[in-house]
Amino acid sequence: MADDEILAELNERFGTGDKELEPDVVAELKSIMRLHELDPQDMFYKWESYCIKIDKDELKASVDSLRVFKKFLQDALEQSNRTHVHIKKEKRVIATPRAANKSTDVFGMLDALTTPGPGRSVKASAAKRRLPDTPGVSRSKAEPASSPLRLEEQFNSLGVLPPSSFKDRQKPGEILEIFNEHLDAPEPPIAPFGESRILLKASSDQKKLGYKPLAMKLSEASEVLDDRIDEFMALVMEHHQLDDSAFASAAMQGTAEVVAVGRIASDSAEGKLNAASLVLETSRRMGGGLRVPLKLDQLKGYQFFPGQIVALKGINTSGSDFTVHEVLSIPLLPAAASPPDVLEAHRERLRGGPDAMESDSEPMPLNIMFASGPYTADDNLDFEPLHTLCNEAADTYVDALVLTGPFIDMEHPLIASGDFDLPEDAIYEPDAATMNTVFKYMISPALNRLVAANPHVTVLLVPSVRDVLDKHVSWPQDGFPRRELGLPKSVKIVGNPMTFSMNETVLGVSSQDALWELRHEELIGGKPAEPSLLARVSRYLIEQRHFFPLFPPTDRSKLPKTGTAEGVPPGAMLDISYMMLGDMIKTLPDVLVVPSSLPPFARVVEHVLVINPGYLSKRKGAGTYARMTLYPPKVLDMKASEGGLMAHRIFDRARVEITRI
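This structure is a prediction, so every number in the text was calculated from the model and none was measured. (Residues numbered from 1 in each chain as written. Predicted model: local features only at pLDDT ≥ 70, side-chain atom pairs only at ≥ 80, totals over all residues. Heavy atoms only, no water.)

Colleague: Can you walk me through the overall build of the protein in this structure?
Modeller: Scanning the protein from N- to C-terminus turns up 17 helices and 24 strands. Each of the 661 residues in the protein was classed as buried or not, and the buried ones make up 50%. For the protein, restricting intrachain contacts to residue pairs at least 6 apart in sequence, the fraction spanning at least 24 positions comes to 73%. (Helix = DSSP H or I, 4+ residues; strand = E, 2+ residues; numbered from the N terminus. Buried < 20%, exposed > 50% of the residue type's maximum accessible area, 1.4 Å probe, protein only. Contact = heavy atoms within 4.5 Å.)

Colleague: I'm lost on the nonpolar core in this one. Help?
Modeller: For soluble globular proteins, the rule of thumb is that nonpolar side chains tend to be buried together. Counting 40 residues, the largest nonpolar core has Leu 389, Leu 403, Phe 439 and Leu 461 as the members making the most contacts within it. Mapped by element, the contributors of at least two residues to this core are strand E10 (366-372), helix H11 (384-395), strand E11 (400-404), helix H13 (435-442), helix H14 (444-453), strand E12 (458-462) and strand E13 (491-493). In this structure, Leu 461 is in contact with Leu 403, Phe 407, Phe 439, Leu 447, Phe 480, Leu 487, Val 491, Lys 492, Ile 493 and Val 494, ignoring residues within four places of it in sequence. Counting residues in each nonpolar core, the second largest holds 36 residues, with Val 465, Leu 533, Ala 535 and Tyr 540 among its members. (Core = buried A, V, L, I, M, F, W, Y, C linked by side-chain atoms within 4.5 Å.)

Colleague: Mind showing me how you'd approach the pairing of strand E14 (residues 498-502) here?
Modeller: Most of E14 sits out of view: five of its five residues are buried. Bridge count between strand E2 (residues 200-202) and E14: three bridges; the pairing is antiparallel. Bridge assignment links Ala 202 to a residue of E14, and that residue is Phe 500. In this structure, E14 lies alongside strand E15 (residues 505-509), joined through five bridges in antiparallel fashion. Directly across from Met 498, in E15, lies its bridge partner Val 509. The loop that links E14 with its antiparallel partner E15 comprises two residues; one of these, Asn 503, has a positive phi angle of about 60°. (Pairing = 2+ DSSP bridges.)

Colleague: I tried to follow the sheet that holds strand E8 (residues 322-328) on my own but got confused; where do I start?
Modeller: The strand order around the closed barrel built from five strands is E3-E4-E5-E8-E7, with neighbouring strands paired in mixed fashion. Each adjacent strand pair in this sheet contributes to an overall mean axis angle of 60°, direction not counted. Relative to strand E5 (residues 291-295), strand E4 (residues 278-281) is paired through three bridges, and the arrangement is antiparallel. Within the sheet, the bridge partner assigned to Leu 280 lies in E5 and is Val 292. Across the sheet, helix H8 (residues 218-239) is in contact with strand E3 (258-266), E4, strand E7 (309-315) and E8; its angle to E3 comes to roughly 145°. (Axes fitted to C-alpha atoms, helices over the stretch in contact; angles between N-to-C directions.)

Colleague: In this structure, what is going on with the sheet that holds E14? I would like to understand it.
Modeller: Backbone-to-backbone hydrogen bonds pair the strands of a sheet. The strands run either parallel or antiparallel. Strand order across the open sheet formed by six strands is E2-E14-E15-E17-E19-E18, with mixed pairing between neighbours. Two strands bound the open sheet, and with one partner strand each, they are E2 and strand E18 (601-605). Pairs of neighbouring strands in the sheet enclose a mean axial angle of 25°, with direction left out of account. Strands in contact with helix H16 (residues 533-544) are strand E17 (591-593), E18 and strand E19 (608-612); relative to E18, the strand with the most contacts, it is inclined by about 55°.

Colleague: I tried to follow a negative patch on the surface on my own but got confused; where do I start?
Modeller: A surface patch of like charges, here negative, comprises Glu 220, Glu 223, Asp 227 and Glu 231. Note on placement: Glu 223 falls in helix H8. (Patch = residues over 30% accessible without salt bridge, like charges linked within 9 Å, V, L, I, M, F, W, Y side chains within 5 Å. Areas by Shrake-Rupley, 256 points an atom, 1.4 Å probe, with all protein chains shown as cover. Salt bridge = Lys/Arg side-chain N within 4 Å of Asp/Glu carboxyl O. Lys, Arg positive; Asp, Glu negative; His and termini not counted. Charge placed at Lys NZ, Arg CZ, Asp CG, Glu CD.)

Colleague: Please explain the confidence of the model for the protein as it appears in this structure.
Modeller: Low-pLDDT portions of the prediction should not be read for the details of their coordinates. Scored by pLDDT, the protein comes out at a mean of 83, with 84% of its residues at no less than 70. Taken together, the stretch residues 86-163 has pLDDT below 50 and engages in 46 contacts with residues farther than four places along the chain or on a different chain. (pLDDT = per-residue confidence, 0-100.)

Colleague: What is the right way to read the side chain of Ser 577 from this model?
Modeller: Along the chain, Ser 577 falls in the loop between H16 and E17. Among all residues touching Ser 577, those that are not within four sequence positions of it are Met 216, Lys 217, Glu 220, Ala 221 and Val 224.

Colleague: Is there a simple way to explain the pairing of E7 in this structure?
Modeller: Two faces belong to every sheet, and in a regular strand the side chains alternate between them. With six of seven residues buried, E7 lies mostly within the body of the structure. With six bridges connecting them, E3 and E7 associate as antiparallel partners. By the bridge assignment, Val 261 is partnered in E7 with Ala 311. Here five bridges tie E7 to E8, and the two strands are oriented antiparallel to one another. Bridge pairing links Gly 314 to Val 324 in E8.

So, in structure tokens, the structure goes:
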């Protein structure tokens, strides 16, 4: 590969926006490529995995971070080499017994019978006796091991490992990433508006989320999974203008090329999906529910995950496997659009009332903040990040604040153990205190102060399956009751997931971390159509028209560890019988908010602005949030479609900032 091609690919993968990489950064990247014999694509995949592993807040590469990355790769290589060292078997020699000198126990047989002296212990003696069974121990001790402490200090200097004390957090208020940087960040208003500038309208039917959990029937679940395959087959048939005769079961032996629609699955209940275990699960109507192994040798690149509904063109000549020639595209939902008069009405609403602004001036843009729980670190229940966020929202007079759970996290060590005290000013009966009392005195005060400073602010709370308050334990999930929480009337509790409109903007929100699980379970081969990890996993949601298309979900023992004694989170908690409540409705959302433990980001994927605000608090330090500045639509400059509707194109007029709290 020529130097110009390498430079272009490095800028494409490691650059941000239209900015090219600095020469020092390019030199460091090329040095890593030469040292480890990597091409730009493989190096970028390792860089993404590295950033996720160390919980780095951004994927942007700098000279300092790349040098730590190089050290990380070198240490991993050395450790791998030491692990795979072949230890030659020595000849077995029968030991000749000798008399012990000065009562020395030559074979260590008397250690357990003697009283340990100063500095010794029974455990140490037991470990000593086990040494002959582990031939590599003495050698590994003699070798100079890599210095994890020194590496941790380098991470800390880059702000990767923030201190546990919230007041001592590094770089508060630092903007990590800006989407649409060319749009100006306006000054906040000098006073709150006289009325709400947001017309809120739910697109999802929240009443359906109130289903009875833990009552799933296998027959209902299988029908839901089956119907989804048949629905996608009808979509593919219409989109590609195919005749019904073009479709057949992938399990049916034949010499003619056919189109098979089914669900990606693995032939093994354990382990990660790979090319050898990849099978296509057919519907009962088309293929009797059979599973057929897939051969992907003729594809230049592919990207699959368990539960993905795909349309494959290929042939099954042997009757034992299906050779894939082409992966047909799945049609996307239409983009959200509105009539011109509706857009003009929303534009006028941004003036904040008839007396707020002059009619000739441009309305001020909407100011919306997004944040996700947890909202406090593992070592306390002070909820300092949440209070700081609400203070920032009050100072800048935001129009809306969207918060996703968990609010009171069942995986918080203090909540799990019950070893904590309520604030001193809390008034309650000790015998009657519940988690509602905890919410009322630890979380509600921050929201009440925000509403007192800005009475017309819109606050939305989206629950999580890790919320102690919510008795609805499965996903899709109903909202928790607001009774006894002490919340102001302007705070609304919605379901999970939820699609609603803020003026013309269609907003989809889910607190389920689908992005991390998709990244963990996906199978990539060759050169995938979408090289960027964050854009690729986001596109899975949009293409599959679902907020959580993965099935089965990741085993909870493989999810990121929590701070409890067990350290295992509850997982996705899917109720398969009601998975259709996680579908995207009628149109694509303009903005898709999906909090994840992946690095926070804001990207445009298929005309959808996808935002991962990150977590407001990490286990041992402060996290991030997102602020979206949405400029009003210019109806005169927008083009109408054949039906007289105008696409919203939020991604063209929204500025998003990912900020450290």
